[in-house]
Amino acid sequence: MAIEIERRFLVRKDIRRLCRDGVRIVQGYLPSDGEHTVRVRLAGSVGTLTMKSRRRGLCRDELEYTLPEHYAARLLRTACGTGLIEKTRYLVHHHGHCWEVDVFGGENAGLVIAEIELSHPEQIVPLPDWVGAEVTHLPAYSNSSLSRSPIRRWLAVA
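Source: prediction; values computed, not measured. Throughout this document, residue positions are counted from 1 along each chain, in the order its sequence is written. At least 70 in pLDDT is required for a residue's local features to be given in this predicted model, at least 80 for side-chain atom pairs to be given and counted, and no such filter applies to totals for whole chains, interfaces and linings, which use all residues. No hydrogens and no water enter the side-chain calculation; it runs on all heavy atoms of the structure.

A. Region of the structure containing the packing of aromatic side chains. Side-chain rings of Phe, Tyr and Trp (the six-membered ring for Trp) are treated as a pair once their centres are within 6.5 Å; stacked means planes under 30 degrees apart, edge-to-face means over 60, and tilted covers the remaining angles. This model, assessed by the stated rule, comprises three aromatic pairs. For the pair tryptophan 99 and tryptophan 130, a centre-to-centre distance of 5.8 Å together with 70° between the ring planes defines the contact as edge-to-face. One end of the pair, tryptophan 99, is in strand β7 (residues 97-104); the other, tryptophan 130, is in the loop between β8 (112-117) and β9 (131-134), and 31 residues separate them in sequence. This pair shows no difference in class: tryptophan 99 is buried, exactly as tryptophan 130 is. Think of it this way: any DSSP run of H or I at least four residues long counts as a helix, any run of E at least two long counts as a strand, and we number them from the N terminus. Accessibility here uses a 1.4 Å probe with only protein chains present; expressed as a share of the type maximum, an area under 20% marks a residue as buried, one over 50% as exposed, and anything in between as partly exposed.

Encoded structure:
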């Protein structure tokens, strides 16, 4: 079982000039026990099924399996409900590190989140000037939460 160690941040500046060759991602979540999330994703034509444990600090357990594209698409249509996440992922390099920048569409349009994978929880990473508030520990910004309560609903309440 792999361990995912990551930090997540809001992007506070327009970084379109840094975003090249993005991959379109559609993902949804299967019903789960509350202790784990089970994600179905299509990234371009690559399907995956991913199970993640609850976060312990910056870490969580992760299992990922490849799915045929047609099967992942079918699961997204039939088993994941209506709260699908739509985003384009860009890889942006900064001081020797590769950041994953997700530009959300659909019900989460306007949201841009940057993630950095770490090799250990205490790893120090230089933050780019376009990175804003850290949202690693804010559940509302997790993809599974955004699938149930997208930011468009937040803005309607504000």
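B. Geometry of the pairing of strand β3 (residues 36-43). Pairing between strands is defined by DSSP: at least two bridges between the two strands are required. Where strand β2 (residues 23-30) lies against β3, six bridges are found, and the strand directions are antiparallel. Bridging from a neighbouring strand, glutamine 27 pairs with arginine 41 of β3. Here β2 folds back onto β3, and the loop between the two strands holds five residues, one of which, glycine 34, carries a positive phi near 90°. In this sheet, strand β4 (residues 46-53) lies alongside β3 in antiparallel orientation, the contact comprising eight bridges. Residue valine 40 lies in a different strand from β4, and its bridge partner there is leucine 49. Hairpin connection from β3 to β4: two residues lie between these consecutive antiparallel strands, with glycine 44 at a positive phi of about 65°.

C. Molecular detail of the layout of surface pockets. The distinction between a cavity and a pocket rests on a 1 Å grid over the protein atoms alone: a 1.4 Å probe fits inside a cavity but cannot get out, while a pocket stays open yet meets protein on both sides within 12 Å along at least five of seven lines, and a residue with an atom within 4 Å of a point counts as lining. Grid points are joined across faces, edges and corners, and a volume is the space filled by probe spheres set on the points. When its volume is computed, the largest pocket comes out at roughly 850 Å³. Breaking the lining of the largest pocket down by element, the ones donating at least two residues are β1 (2-11), β2, β3, β4, β5 (59-67), β8 and α2 (143-148). The residue classification treats Ala, Val, Leu, Ile, Met, Phe, Trp, Tyr, Cys and Pro as nonpolar and Asp, Glu, Lys and Arg as charged. All others, Gly included, are polar. When grouped by side-chain class, the residues that make up the lining of the largest pocket number nine nonpolar, 15 polar and 17 charged. One number sums up the size of the second largest pocket: a volume of about 180 Å³.

These results come straight from atomic positions and should not be treated as a statement about function.
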